[in-house]
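What follows is the residue order along each chain.
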Amino acid sequence: MHVDLRSDTITIPSKEMLSAILSAKVGDDVYGEDPTVRELEKKLAVMFGMDMAMFFPSGTMANQTAIKLHTNPGDQVICDKYSHVFNYEGGGGAFNSGVSFKLINGNRGMFNSNQLLESINPKEFYHSPLSSLVTIENTTNKGGGACWDMNEIKNIKKICKENNLGLHLDGARIWNALVKKEENPLEYGDIFDTISVCFSKGLGCPIGSALIGRNQIMKKAIRIRKILGGAMRQSGYLAAASIFALDNNIKRLKEDHIKAKEIGKELVNLSFVNKVEEVETNIIVFEIDKKIKKNTIVDVFKKLNISFDWYSMGINKIRIVTHLDYTKEKHDYLLTKINSIKI
Ligand SMILES: *Cc1c(COP(=O)(O)O)cnc(C)c1O
């Protein structure tokens, strides 16, 4: 048995999802003629109470489009130091939009409205880059699947409004937050100018993301998606998987969260584990004792046929992500093995 918990992106489409794909009605979406893509986009717009949604091949491209929509070259984007848009999009903010980032030293990828206020460059002070966009991530990836407090988001929105800043949500794992906090997507649609979501993470799709927003800002998105190479043809086959995922795979995220919590509890007992971040959703980030080489730990787990995300979180941190293909059988195997590890 191989237990692969590197990411929730490693899932393979289920038989049911594949049959939804096979029976999709498709057309050329570049001509605006794919009925399944239209259906998905409509469904998302309604779900979040926004004017429109646009289907994208990846979350990175949806985020990059959002940054481009909200900024001009030379502007500054304000985000947490852990943000995906800053750390894991290949420097795309600079490459595609010519922006720099002001990083907030938040907690687990989240900051508060006072920290935001302190990070905004005064408009009249033309020596500094113009602050034009704030992005937040929910749930936070590098922050270990933490969920934002809705009241803090509302405070942040107020500051954005007062300072004429756009507000973008990187909602690659917004589904996990909605389930965990029992929130309604309409609350998010009411606050944010743009929202990106992913279907290829916890929801188990092979490909697919979307950018959701109001007409005013989204009307330019189709050209930017084209420029970035994201105009797709019979993408209804992919959209069909996304529709299936929205209808069937959101509620069950609860199971991933329970399993993650159980893993977190076991990790605490290991001698080489210094600290396990609070487990809120499907991500566990833990810190290992600096005296122990990470490769020693990697080797022990490798022998047990267990894969975690060893390197992307930093030198002494490891990430584990539970997902749709992580069965009860694999979970039981993992818990037993963790229990028996001695280093
Ligand atoms: C995965 C992820 C994305 C998008 O990644 P893609 O692999 O490009 O789909 C964006 N933001 C966060 C927080 C993510 O975890």
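Conventions and cut-offs
Residues numbered from 1 in each chain as written. Predicted model: local features only at pLDDT ≥ 70, side-chain atom pairs only at ≥ 80, totals over all residues. Heavy atoms only, no water. Core = buried A, V, L, I, M, F, W, Y, C linked by side-chain atoms within 4.5 Å. Buried < 20%, exposed > 50% of the residue type's maximum accessible area, 1.4 Å probe, protein only. Helix = DSSP H or I, 4+ residues; strand = E, 2+ residues; numbered from the N terminus. Contact = heavy atoms within 4.5 Å. Axes fitted to C-alpha atoms, helices over the stretch in contact; angles between N-to-C directions. Parallel < 35°, antiparallel > 145°, perpendicular 65-115°, else oblique. Left-handed = near helix turned anticlockwise from the far one by under 90°. Nonpolar A, V, L, I, M, F, W, Y, C, P; charged D, E, K, R; others polar. Expected span 1.5 Å × (residues − 1). Domains from an automatic or database assignment. Buried area = accessible area lost by both parts, 1.4 Å probe. Salt bridge = Lys/Arg side-chain N within 4 Å of Asp/Glu carboxyl O.

Draft legend 1. Structural detail: the nonpolar core. One finds Leu44, Phe48, Val134, Trp175, Tyr188, Val197 and Phe199 to be the most contacted residues of the largest nonpolar core, which totals 53 residues. Take this core: its biggest share by element is six residues, from helix H12 (residues 236-248). Beyond its immediate sequence surroundings of up to four residues, Leu44 is in contact with Ala53, Trp175, Val197, Phe199, Ala210, Ile212 and Leu246. Residues Val3, Val276, Ile288 and Tyr326 belong to the second largest nonpolar core, which totals 27 residues.

Draft legend 2. Layout of the packing of helix H1 (residues 15-22) against H12. It is at 8 Å that the axes of H1 and H12 come closest, and there the two elements cross at 135 degrees. The angle between H1 and H12 places the two elements in the oblique class. Here the hand of the crossing between H1 and H12 comes out right-handed. In contact with Glu16, Met17, Ala20 and Ile21 of H1, H12 contributes Tyr237, Ala240, Ala241, Phe244 and Ala245. Residue composition of the contact of H1 with H12, by class: eight nonpolar, no polar and one charged.

Draft legend 3. Representation of H12 in the model. In a regular helix each residue adds 1.5 Å, so 13 residues correspond to 18 Å; H12 covers 18 Å between its end C-alpha atoms and thus fits that length. Turning to H12, its buried residues are Gly236, Ala239, Ala240, Ala241, Ser242, Ile243, Phe244, Ala245 and Leu246.

Draft legend 4. View of the domain arrangement of the protein chain. By the assigned domains, the protein chain splits into domain 1 (3-9 + 251-340) and domain 2 (15-248). The distance between the C-alpha centroids of domain 1 and domain 2 comes to 27 Å. Each partner contributes to the roughly 1800 Å² buried at the junction of domain 1 and domain 2, and carbon and sulfur atoms together form 48% of this total. When residues of domain 1 are sorted by the area they lose upon contact with domain 2, Asp8, Leu253 and Glu280 head the list and together hold 30% of the total. The partner of Asp8 in a salt bridge is Arg173, and the shortest N-O contact between them spans 2.8 Å.

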